[in-house]
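What follows is each chain in one-letter form.
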Amino acid sequence: MKKVSLFIPCYVDQFYPNIAVATYELLQKLGCEVDYPLNQTCCGQPLANSGFNGMTSACNKNFTENFKDADYVVCPSGSCALHIKEHLHDDANPAAAERIRNRVYELTEFLTDILKVKQLNVSFPHKVGMHISCHGQRGLHLSSMTELVSPEFSKPEQLLNMVKGLELSYPKRKDECCGFGGTFCVFEEAVSVKMGKDRLTEHEENNIEYITGGDVSCLMHLEGILRRQKSPVKIIHIAEILNS
Amino acid sequence: MEKFLKPVEHAVAAEKFISDEARTNWHDETLWFVRAKRDKIVHKLPEWESLRELGSQIKNHALSNLDTYLLAFEKNAQANGVKVHWAADAKEHNEIILEIARKNNVKKIVKSKSMLTEECHLNPFLISKGIEVVDTDLGERIVQFRNEPPSHIVLPAIHLKKQDVSDTFHEHLHTEKGNNDPQYLTEAARQHLRNKFIEADLSITGVNFAVAETGGFVVCTNEGNADMGAHAAKIHIACMGFEKIIPKAEHLSVFLRLLTRSATGQPITTYSSHFHRPRKGQEMHIVIVDNGRSKQLGREDFRNSLKCIRCAACFNTCPVYRRSGGHSYHNATAGPIGSILNPNINMRENADLPFASTLCGSCTNVCPVKINIHEQLWKWRQVLTEEGYASSGKTAGMKGMAFVLSYPKVFRFAGKAGRWIIRMFPGLVNNTLNPWYKQREMPVAPKHSFRDWYIKNKKA
Ligand code: SF4
């Protein structure tokens, strides 16, 4: 039995508890022993990506404290997992930080690479558009990238293919960024929203009911635009589909 | 001449560009078309990724042995009868050229595309000294007529539509008003440029690759305008940043394959012209320019940016560039690579550029010489902030955030308070001062956090 420590990004804890619950239940269903270290806050990515990596030491220390004994640290958001993998440091306890960097997984890569899930007994009879998030894809290599000349693969798609009734589609520009980009979404508001709107237009051309993905931040951004446009298209995190 | 003496922040300029949404869509789609062409042609080469690796390593090697190769290049070029000049900065570069022009009593210059001369603001300098300089690349000529800088290093007039070009030509070349036929307009430009080629006493070109082993250099154009200029004029001056050096002629095969596939999706540039020595009666000069490059070479984290072969693939793939237009980067070199090169030249004026990215990483993936562009953008952000170039408001906000995230209890309190405020007083956050809310709804605030749920429901 795999022992998993859940790393739930700050804004998921606060605004999207359902996604965290789905992640928790899904991992349990798949036979993991799951715990949630109670004193976690945030990975520090919003600070670091804004150029304030120098201010993350207390935040890093807290993270290391919470996860230092974990066998596997699993997170339902690619960009937060990537940030930990690339930038977690703790001067007081460098070995613990390194251990965590080597044990952090985004949810879908944990399911495909560690648990090696081969089947799921779930159905989700809907037309779903896949949103590929950049940090998960280009940072964590969760799927092949259109720019590179390399064999095609996709860990999230591999899992969604196990869901009965689900009809998956991609927007025309398969892996273009949605424009969220952390604090980019407020400091470059106009470009950010324009990118999001363009993503949605391409998805809508496929007549989808839902847009799914593995990174909650991108989904939050797209959801904000959809709701403003009063669109009937709904946002759903991949953990919620796999746990349905 | 330069419209952007006082840079407007990227975000502000981009917002203005986007306000014409139809034009933004057109700009975006046109550049995406080029990116798609690039994809199509590189996927035909099974060895593409190893070719990139090879290109990257050759450049790496050249940068690590720059002194040796540059001196070898100088020696071999001189032996071929070429005069070699060294310029520490833009000012020296411009003055060297002025001096050559003055010595030969030159009144008219034709210039083929060279981003280095844009970087050095050569045109306005020469014009202010009473010398006519005509850009002979079609796109460059169009923006020159309009008194604008190029907005893209390969497609300098990509921000303009046929209609804009027609209006510009009507004004300057007296073409028929409202005639948007590309063939008609190109023909008008061709006739106009023919005369300029014939009249010019001096021709300036850029350098795509300078070969240390032979002392020769290669200039790539799709219009043949560099050749027309260089072959007609008495004097040919080639301007190059010192990073253009490659060790051997055989390495050209790697870069010529990488360059145009990445730039326009063509298998090879239409004209790859090799220059080695002046023809009889001609003078040939090469100006080798530093202008901040040695400083960048010394910055461990950013040194890699000097591998750039100026293909602009990173521009075409960049979702931010496509939607904000080249002028929003307020420098000769825009796009992702400009955002890591320009802060080196002037941190204060370019402190906004490394933030004009979502760090999606697509630029790094398309780069034919494997520059880790998005990682360098991240690193520049750290440097700029440490050097004090973040606004005081942003710094204060980040300090506040760092405090909240450092203490779990404070975080939980702030989270609860925040959710409560969003639920009870949505007007407080849903107002126009909140840039998120301008065109997006805020997420719905749930009563309980996941932590609350977990404590209540966790299975023993
Ligand atoms: S950074 Fe790379 S992709 Fe961008 S222009 Fe230079 S060589 Fe081309």
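Details of the structure are given in the entry above.
Residues numbered from 1 in each chain as written. Chains lettered and ligands numbered in written order. Predicted model: local features only at pLDDT ≥ 70, side-chain atom pairs only at ≥ 80, totals over all residues. Heavy atoms only, no water.

Here's the deal with the overall build of chain A
What chain A contains, in helices and strands, is 13 helices and 8 strands. Over its C-alpha atoms, taken along the principal directions, chain A stretches across nearly 50 × 45 × 40 Å. The burial tally for chain A puts 66% of its 244 residues in the buried class. Sequence-distant contacts in chain A: of pairs separated by 6 or more residues, those separated by 24 or more amount to 76%. Split by element, the accessible area of chain A, about 8700 Å² in all, is 49% carbon and sulfur. Where the 25 positive side-chain charges of chain A centre and where its 30 negative ones centre are 3 Å apart. (Helix = DSSP H or I, 4+ residues; strand = E, 2+ residues; numbered from the N terminus. Buried < 20%, exposed > 50% of the residue type's maximum accessible area, 1.4 Å probe, protein only. Contact = heavy atoms within 4.5 Å. Areas by Shrake-Rupley, 256 points an atom, 1.4 Å probe, with all protein chains shown as cover. Lys, Arg positive; Asp, Glu negative; His and termini not counted. Charge placed at Lys NZ, Arg CZ, Asp CG, Glu CD.)

A word on the sheet that holds strand S7 (residues 210-213) of chain A
Residues and elements named next belong to chain A. Ordered in space as S6-S5-S7-S8, the 4 strands form an open sheet in which the pairing is parallel. If you trace the sheet from one side to the other, it starts and ends with strand S6 (167-169) and strand S8 (234-237), each paired once. Here the strands of the sheet are splayed against their neighbours by 35° on average, with no regard to which way each runs. As paired strands, strand S5 (residues 127-131) and S6 are joined by 3 bridges and run parallel to one another. Bridge pairing in S6 links Lys127 to Glu167. Packing of helix H11 (residues 189-204) onto the sheet brings it into contact with S5 and S7, and relative to S5 it is tilted by some 145°. (Pairing = 2+ DSSP bridges. Axes fitted to C-alpha atoms, helices over the stretch in contact; angles between N-to-C directions.)

Considerations on the pattern of salt bridges
Applying the stated criterion across every chain, the model contains 40 salt bridges over all chains. In this structure, the salt-bridge partner of Glu176 of chain A is Arg322 of chain B, at a minimum N-O distance of 2.6 Å. Of the two residues, Glu176 of chain A is situated in the loop between S6 and helix H10 (184-187) and Arg322 of chain B in helix H15 (residues 319-324); the pairing between them involves two chains. Accessibility expressed as a relative area gives 6% for Glu176 of chain A, which makes it buried. Taking the shortest distance from any N to any O, the salt bridge between Glu21 of chain B and Lys194 of chain A comes out at 3.0 Å. With one member in each of two chains, Glu21 of chain B in helix H2 (residues 21-42) and Lys194 of chain A in helix H11 form a pair that bridges those chains. (Salt bridge = Lys/Arg side-chain N within 4 Å of Asp/Glu carboxyl O.)

Here's the deal with the sheet that holds strand S4 (residues 104-106) of chain A
Residues and elements named next belong to chain A. An order of S2-S1-S3-S4 is seen for the 4 strands of this open sheet, with the pairing classed as parallel. Only two strands of the sheet have a single partner each, and these edge strands are strand S2 (33-35) and S4. This sheet shows a mean twist of 35° between the axes of neighbouring strands, independent of strand direction. In this sheet, S2 lies alongside strand S1 (residues 3-6) in parallel orientation, the contact comprising 3 bridges. By the bridge assignment for S2, Ser5 is matched with Asp35.

Considerations on the interface of chain A and chain B
The interface is formed by 70 residues belonging to chain A together with 78 residues belonging to chain B. Interface of chain A and chain B: buried area, both sides summed, is about 6500 Å²; carbon and sulfur atoms make up 61% of it. Contact with chain B buries area across many residues of chain A, yet Gln14, Val149 and Arg228 of chain A alone supply 11% of it, more than any other trio. Seen at the junction of chain A and chain B, the total is 9 salt bridges. The partner of Glu441 of chain B in a salt bridge is Arg228 of chain A, and the shortest N-O contact between them spans 2.7 Å. Run the count over chain A and chain B and you get 39 residue pairs in polar contact (both at pLDDT 80 or more). For the side of chain A that touches chain B, the element with the most residues is H11 of chain A, which contributes 9 residues. (Buried area = accessible area lost by both parts, 1.4 Å probe. Polar contact = N/O pair within 3.5 Å; in protein donor to acceptor, adjacent residues only side chain to side chain.)

With respect to the nonpolar core
One finds Phe7, Leu27, Phe110, Leu111 and Leu242 of chain A together with Phe450 of chain B to be the most contacted residues of the largest nonpolar core, which totals 89 residues. Beyond its immediate sequence surroundings of up to four residues, Phe450 of chain B is in contact with Leu6, Ile8, Asp13, Pro17, Ala20, Val21, Tyr24 and Tyr36 of chain A. Val191 of chain A together with Val211, Cys318 and Ala332 of chain B belong to the second-largest nonpolar core, a separate cluster that totals 66 residues. (Core = buried A, V, L, I, M, F, W, Y, C linked by side-chain atoms within 4.5 Å.)

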